[in-house]
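# Fold and geometry: a report
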Amino acid sequence: MAVRITGVTPRSPAARHGIRPGEQLISINGHPVRDVLDFRFYETEAELTIRVADASGVERDVSLRKPQYSFLGLEFETYLMDAQRRCRNNCIFCFIDQMPPGLRPSLYFKDDDDRLSFLFGNYITLTNLSQAEVDRIVEMHISPINVSVHTTNPELRVKMMGNRFAGKSLDYLYQLASRGTQLNGQLVLCPGINDGDELRRTLRDLKRLAPAMQSVAAVPVGLTKYRDHLPHLDPYTAETAGAVIDIIESFAAECRKDLGTGFIYASDEFYLLAGRPLPPEDAYDGYPQLENGVGSITLLRTQVMERLEETGAVT
């Protein structure tokens with residue numbers, strides 16, 4: 001596989017050694033380049049042999065030296081140097097399936113791409129991975145990988161995600177953890193489906209993956225009125241949200257003793273639904289799950305109070 005070079009930064013190492021836009025990048029130091037992860041990983045070396053091909057397919061090697069970790073200066077048609085990977089699942093809770101019509105097309109694209117997990121913090125389900133890609137993640141020390149787990153019950157995971165491989169793909173989760181990849185987990189909870197005893201099971205299983213599994217966020221299923229032809233799901237009530245909080249806070253207290261952190265965190269929305277006060281700032285352990293709405297209100301309050309104190313508005 002080769003990737004077309006669309007631009008070369010002026011005065012960059014690539015430009016100084018005659019690599020030109022329109023050529024195809026084939027390999028770096030003998031390693032095939034398939035996408036941005038391969039490229040960024042292999043271009044970090046100080047001594048490189050870059051194989052390129054011209055428009056007629058004639059190949060040549062370009063040898064160069066540069067400061068280690070500096071960029072070559074090559075540009076490509078897309079950031080990933082490859083097509084973005086589409087989600088293969090049909091999750092019963094998928095928010096994109098509940099989007100109103102008439103929005104911009106990109107909002108309807110369901111991604112499930114391990115490269116975006118590492119580069120931008122996206123969550124992936126693991127159903128798009130192959131063993132070769134798991135091996136690459138380990139070999140390149142790509143961490144952290146953020147995983148939408150939802151449940152560690154294989155049969156239930158198949159049902160929730162509408163993918164017959166969803167249970168089997170949990171093997172990749174355990175493999176990544178055992179081989180030293182740092183992980184963060186996400187649980188989209190649906191009342192009466194993967195909360196209650198199923199939630200307890202999932203938390204016990206994920207705790208066994210610590211310290212590779214660094215943190216887990218639990219968020220309530222989001223429901224819109226655009227659910228025609230989708231499975232029936234109940235929204236969380238004050239009572240059912242409170243039951244989830246009780247499980248999570250009890251388990252977090254256990255984890256704080258055993259692991260030194262709360263490990264599992266309920267999103268702010270659970271507390272708002274239950275009508276309960278939000279936890280104090282130190283309960284969030286530095287906000288590892290802030291992007292999942294875990295502690296965002298508490299952090300905002302803290303920042304506002306600090307700013308008011310700086311300006312002398314409060315003492």
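That block above? That's the structure.
Sequence order as written defines residue numbering, which begins from 1 separately in each chain. Note on the predicted model: pLDDT of at least 70 is required for a residue's local features to be given, and 80 or more for side-chain atom pairs to be given and counted; whole-chain, interface and lining totals, by contrast, use all residues. Processing note: side-chain calculations cover all non-hydrogen atoms of the structure and skip hydrogens and water entirely.

Remark: helix 7 (residues 197–207) packs on helix 8 (residues 238–259), axes separated minimally by 11 Å, with the N-to-C direction vectors making an angle of 20°. Classified by the interaxial angle, the pair formed by helix 7 and helix 8 is roughly parallel. Pair helix 7 / helix 8 crosses with right-handed handedness. Of the residues in helix 8, those in contact with Leu 199, Arg 200, Leu 203, Arg 204 and Lys 207 of helix 7 are Val 244, Ile 247, Ile 248, Phe 251, Glu 254, Cys 255, Asp 258 and Leu 259. In this classification, the charged set is Asp, Glu, Lys and Arg, the nonpolar set is Ala, Val, Leu, Ile, Met, Phe, Trp, Tyr, Cys and Pro, and all remaining amino acids, among them Gly, are polar. When grouped by side-chain class, the residues that make up the contact of helix 7 with helix 8 number eight nonpolar, no polar and five charged. Think of each axis as a best-fit line through the C-alpha atoms, taken over the contacting stretch in the case of a helix, with angles from 0 to 180 degrees between the N-to-C directions. The numbering of helices and of strands both runs from the N terminus, where a helix is a DSSP run of H or I of at least 4 residues and a strand a run of E of at least 2. Note on terminology: angles under 35 degrees are roughly parallel, angles over 145 are roughly antiparallel, angles of 65 to 115 are roughly perpendicular, and the others are oblique. Each crossing gets its hand from how the near helix is turned against the far one by less than a right angle, where anticlockwise is left-handed and clockwise is right-handed. Contact criterion: two residues are considered in contact whenever any of their non-hydrogen atoms come within 4.5 Å of each other.

Attention now goes to the pattern of salt bridges. In the sections that follow, a salt bridge refers to a side-chain nitrogen of Lys or Arg positioned within 4 Å of a carboxyl oxygen of Asp or Glu. With the rule as written, the count across this model stands at 25 salt bridges. Among the salt bridges present, the one from Glu 133 reaches Arg 85, with a minimum N-O distance of 3.0 Å. One end of the pair, Glu 133, is in helix 4 (residues 131–139); the other, Arg 85, is in the loop between strand 6 (74–76) and helix 3 (114–120), with 48 residues separating them in the sequence. For the residue pair Glu 133 and Arg 85, the accessibility class agrees, reading buried in each case. Linking Lys 207 and Glu 254 is a salt bridge whose minimum nitrogen-to-oxygen distance equals 2.9 Å. Burial classification: accessible surface area is computed with a 1.4 Å probe over protein chains only, and a residue below 20% of its type maximum counts as buried, one above 50% as exposed, and the rest as partly exposed.

Bringing helix 5 (residues 154–161) into the picture now. Among the residues of helix 5, Leu 156, Arg 157, Met 160 and Met 161 are the ones counted as buried. On an axial view of helix 5, the arc spanned by its buried residues comes to 115°, and they lie on one face. Seen from the buried face of helix 5, the exposed residues on the opposite side, beyond 90 degrees, are Glu 155 and Lys 159. Packing partners of the buried residues in helix 5 comprise strand 8 (145–148), helix 6 (170–178), strand 9 (183–189) and helix 7. Think of it as the arc spanned by the lines of direction from the helix axis to the C-beta atoms.

Moving on, we get to the packing of helix 4 against helix 6. Here helix 4 crosses helix 6 at 20°, and the two axes come no closer than 10 Å. Judged on the interaxial angle alone, helix 6 and helix 4 are roughly parallel. Judged by the twist between their axes, the crossing of helix 4 over helix 6 is right-handed. Residues Gln 131, Val 134, Asp 135, Ile 137 and Val 138 of helix 4 touch helix 6, and the partners they reach there are Tyr 172, Gln 175 and Leu 176.

On to the packing of aromatic side chains, then. Centre distance within 6.5 Å is the pairing criterion for rings of Phe, Tyr and Trp, where only the six-membered ring of Trp is used; planes under 30 degrees apart are then read as stacked, over 60 as edge-to-face, and the remainder as tilted. The tally for this structure, following the rule as stated, stands at five aromatic pairs. Ring centres of Phe 39 and Phe 76 lie 5.1 Å apart, and the angle between their planes is 80°; this geometry places the pair in the edge-to-face category. Of this pair, Phe 39 sits in helix 2 (residues 36–42) while Phe 76 sits in strand 6, placing them 37 residues apart in sequence. Look at Phe 41 and Tyr 42: their rings are 5.2 Å apart centre to centre, the planes differ by 80°, and that puts the pair in the edge-to-face class. In this structure Phe 41 comes out as partly exposed when scored by relative accessible area, which is 30%. We classify Tyr 42 as buried; its relative accessible area is 12%. It is Lys 207 that lies over the ring of Phe 251; its NZ or CZ is 5.9 Å from the centre. Each ring is checked for a lysine NZ or an arginine CZ that lies within 6 Å of its centre and within 35 degrees of its normal; such an atom marks a charge sitting over the ring.

It is worth spelling out the nonpolar core at this point. Put simply, a nonpolar core is a bunch of buried Ala, Val, Leu, Ile, Met, Phe, Trp, Tyr and Cys residues held in one set by side-chain atoms that sit within 4.5 Å of each other. In this structure, Leu 25, Phe 39, Leu 74, Leu 173, Leu 206 and Phe 270 are the most contacted members of the largest nonpolar core, which totals 72 residues. If one sorts the elements of this core by residue count, helix 8 sits on top with eight residues. Those residues within four positions of Phe 39 in sequence are excluded, and the remaining contacts are Leu 25, Ile 28, Val 33, Leu 72, Leu 74, Phe 76 and Met 81. Membership of the second largest hydrophobic core comes to 13 residues, among which are Ile 92, Met 161, Cys 190 and Val 219.

Relative to the assigned elements, Asn 194 resides in the loop between strand 9 and helix 7. Distance from Asn 194 to Asn 153, taken between C-alpha atoms, is 9.0 Å for residues 41 residues apart in sequence. In this view, Asn 194 contacts His 150, Thr 151, Leu 156, Met 160, Val 188, Leu 189 and Leu 199; residues no more than four positions away in its chain are not counted. Definition of a polar contact: a pair of N or O atoms within 3.5 Å, with one able to donate and the other able to accept a hydrogen when the atoms are protein atoms, and with sequence-neighbouring residues admitted only if both atoms are side-chain atoms. A polar contact of 2.9 Å, which involves the side chain of Asn 194, links it to the backbone oxygen of Val 188.

Among the five residues of strand 2 (residues 24–28), four are classified as buried, and the element is accordingly described as predominantly covered. Between any two strands, at least two bridges found by DSSP are needed for them to pair. With two bridges connecting them, strand 1 (residues 3–8) and strand 2 associate as antiparallel partners. Residue pairing in the sheet places Arg 4 in a bridge with Gln 24 of strand 2. Relative to strand 4 (residues 47–53), strand 2 is paired through four bridges, and the arrangement is antiparallel. By the bridge assignment for strand 4, Ile 28 is matched with Ile 50. Bridge count between strand 2 and strand 3 (residues 31–32): two bridges; the pairing is antiparallel. Directly across from Ile 28, in strand 3, lies its bridge partner His 31. Hairpin connection of strand 2 to strand 3: two residues between the antiparallel strands, including Asn 29 at a positive phi of 50°.

With that settled, consider the pairing of strand 8. Alternating positions in strand 8 separate into two faces, Ile 145 and Val 147 on one and Asn 146 and Ser 148 on the other, with burial throughout. Alignment of strand 7 (residues 123–124) against strand 8, held across two bridges, turns out to be parallel. Directly across from Ile 124, in strand 8, lies its bridge partner Val 147. Orienting the strands away from the viewer, one traces the path from the first strand over the helix to the second; a clockwise path indicates a right-handed crossover. After leaving strand 7, the chain enters helix 4 and then returns to the sheet as strand 8, a path that is right-handed. Two elements, strand 8 and strand 9, share four bridges in a ladder whose sense is parallel. Paired with Ser 148 across the bridge in strand 9 is Gln 186.

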